[in-house]
Amino acid sequence: MTIKLVVGECTLNIVSAYAPHVGLDGEVKRCFWEGLDEIVRQVPPAEKLFIGGDFNGYIGSTASGYGEVHEDFGFWERNGGGTSLLDFAKAFGLVIANSNFQKREGHLVTFQNAVAKTQIDYLLLRRCDRGLYKDCKVIPGEILATQHRILVMDVVMDALTHHIQGDVPWCMLFADDIVLIDESRAGVNERLEVWRQALEFKCFKLSRMKTEYLECKFSAKPG
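Anyway, here's the lowdown on the structure attached to this text. (Residues numbered from 1 in each chain as written. Predicted model: local features only at pLDDT ≥ 70, side-chain atom pairs only at ≥ 80, totals over all residues. Heavy atoms only, no water.)

## Topic: the nonpolar core
The tendency in soluble globular proteins is for nonpolar side chains to be buried as a group. Ranked by internal contacts, the top residues of the largest apolar core, which has 23 residues, are Ile51, Phe55, Leu85, Phe88, Leu94, Ile96 and Leu124. Of all the secondary structure elements, the ones that give two or more residues to this core are β2 (10-18), α1 (26-41), β3 (48-54), α2 (80-91), β4 (94-96) and β7 (121-126). Non-local contacts of Leu94, meaning those with residues more than four positions away in its chain, are made with Leu49, Ile51, Glu68, Val69, Phe88, Ala89, Leu124, Leu125, Arg126 and Arg127. Residues Phe50, Val95, Ala97 and Leu123 belong to the second largest nonpolar core, which totals 14 residues. (Core = buried A, V, L, I, M, F, W, Y, C linked by side-chain atoms within 4.5 Å. Buried < 20%, exposed > 50% of the residue type's maximum accessible area, 1.4 Å probe, protein only. Helix = DSSP H or I, 4+ residues; strand = E, 2+ residues; numbered from the N terminus. Contact = heavy atoms within 4.5 Å.)

## Some remarks on helix α4 (residues 185-201)
Helix length check: α4, at 17 residues, gives a terminal C-alpha distance of 24 Å against a target of 24 Å (1.5 Å per residue), a fit within 8%. Restricting attention to buried positions, one finds in α4 the residues Gly187, Val188, Leu192, Trp195, Ala198 and Leu199. All buried residues of α4 project into a common sector of 135 degrees when viewed along the axis, lining one side. In this structure, α4 carries Glu190 and Phe201 as exposed residues pointing more than 90 degrees from its buried face. (Expected span 1.5 Å × (residues − 1). Arc of directions from axis to C-beta.)

## Some details on the environment of Ala89
Looking at the secondary structure, you find Ala89 in helix α2. Separated by 35 residues in the primary sequence, Ala89 and Leu124 have C-alpha atoms spaced 7.8 Å apart. Leaving out residues up to four positions away in the same chain, Ala89 has contacts with Val69, Leu94 and Leu124.

## Points about the packing of aromatic side chains
Throughout the structure, instances matching the rule amount to 8 aromatic pairs. Between Phe55 and Tyr122 the ring centres are 6.5 Å apart and the planes differ by 50 degrees, which places this aromatic pair in the tilted class. A residue pair is termed long-range when its members are at least 10 positions apart, and Phe55 in the loop between β3 and α2 and Tyr122 in strand β7 qualify at 67 residues. The two residues Phe55 and Tyr122 agree in class, both being buried. A ring pair is formed by Phe88 and Phe92, whose centres lie 5.1 Å apart and whose planes are at 50 degrees; its orientation type is tilted. Judged by its relative accessible area of 5%, Phe88 falls in the buried class. (Phe/Tyr/Trp six-rings, centres within 6.5 Å; stacked < 30°, edge-to-face > 60°.)

## Quick notes on the packing of α1 against α2
It is the contact of α1 with α2, at a shortest axis distance of 12 Å, that shows an interaxial angle of 25 degrees. In terms of orientation, α1 lies roughly parallel with respect to α2. As α1 runs across α2, the sense of the crossing is right-handed. Side by side, α1 and α2 meet where Trp33, Leu36, Asp37 and Val40 of the first sit next to Ser84, Leu85 and Phe88 of the second. In terms of residue class, the contact of α1 with α2 is made up of 5 nonpolar, 1 polar and 1 charged. (Axes fitted to C-alpha atoms, helices over the stretch in contact; angles between N-to-C directions. Parallel < 35°, antiparallel > 145°, perpendicular 65-115°, else oblique. Left-handed = near helix turned anticlockwise from the far one by under 90°. Nonpolar A, V, L, I, M, F, W, Y, C, P; charged D, E, K, R; others polar.)

## Re the side chain of His70
Mapped onto the secondary structure, His70 falls in the loop between β3 and α2. Separated by 2.9 Å, the side chain of His70 and the backbone oxygen of Gly60 make a polar contact. Within the local environment of His70, its side chain forms a polar contact with the backbone nitrogen of Asp72, the two atoms lying 2.9 Å apart. (Polar contact = N/O pair within 3.5 Å; in protein donor to acceptor, adjacent residues only side chain to side chain.)

## Description of the pattern of salt bridges
Under the criterion given, the structure shown has 8 salt bridges. With a shortest N-O distance of 2.8 Å, Asp135 and Lys103 are connected by a salt bridge. Here Asp135 is found in strand β8 (residues 133-143), whereas its partner Lys103 is found in the loop between β4 and β5 (111-112), with 32 residues between them in sequence. What makes Lys103 partly exposed here is its relative accessible area of 23%. Glu105 serves as the salt-bridge partner of Lys117, at 2.4 Å between the closest nitrogen and oxygen. Linking Lys117 in strand β6 (residues 117-118) with Glu105 in the loop between β4 and β5, this pair joins segments that are 12 residues apart in sequence. What makes Glu105 partly exposed here is its relative accessible area of 37%. Within this structure, Glu27, Arg30 and Glu34 form a network of salt bridges that share partners. (Salt bridge = Lys/Arg side-chain N within 4 Å of Asp/Glu carboxyl O.)

So this is what it looks like as C-alpha cells:
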C-alpha cells in the first residue's frame, strides 16, 4: 500500500510492505521484491520516501559489509531475509532507521512470542533524507498485533513546517515548543492559528493551553 501526502512544498510517499515468510518458495519472494522495486522506482528523486513493514528477516546486530545501510545497532543474527532487505536498501540508496540509534533490547525487539523475540519490522528512508528524523524505536508497552510491537520514528517538524516558518527570531521551533514574535498580540494569535491549522492538517496537535505572552516595550528615547 502506498500513500502520497503533500505537506506545503514537500511530497511524502509512505509505503507499507509485508514480505513473505521464510518458509515460502523463492518465486513468491522474488515477486515481492520485484513489486517493491517497481513502487520505489516510481517515486521521483525530489519527493520524500518512507517505507515501513514486516520484512520477515533479521538484519543482524552489526553492519558487516552494509555500512552505508546499517549503522551497527540492530538485533539478532542476520539471515537470508535480512540480507535481501539490506541488498534492496543498498540498491536504492536507503538507510534502515532502526539500526541508526543505540537502544536497549526492549526498544529493538519488534516481534515476541512464547519462544522467541526478534526484530523483523523496519522503517527505511533515503540516505539523503537522514536529517529528517531524530529517533527510531519500539514502544515496548504497545502491542500493534498479537505479537508485534509498535515501531515509531520521530520526524523533524522543521522539515514539515518549513513553508510557514518565518526568520529567526520572529519564529523559532524547538523540540516541543514554538516561539512566535509579532508587533501585536493579535498578530501573534493570527500566526498561531496558521500553525495550528497546518499541524492539524497533518494529524499533529498544537495545544494552546500553555500559551504565554511576553510583551516588550521599546522606546526610541534614551533613558
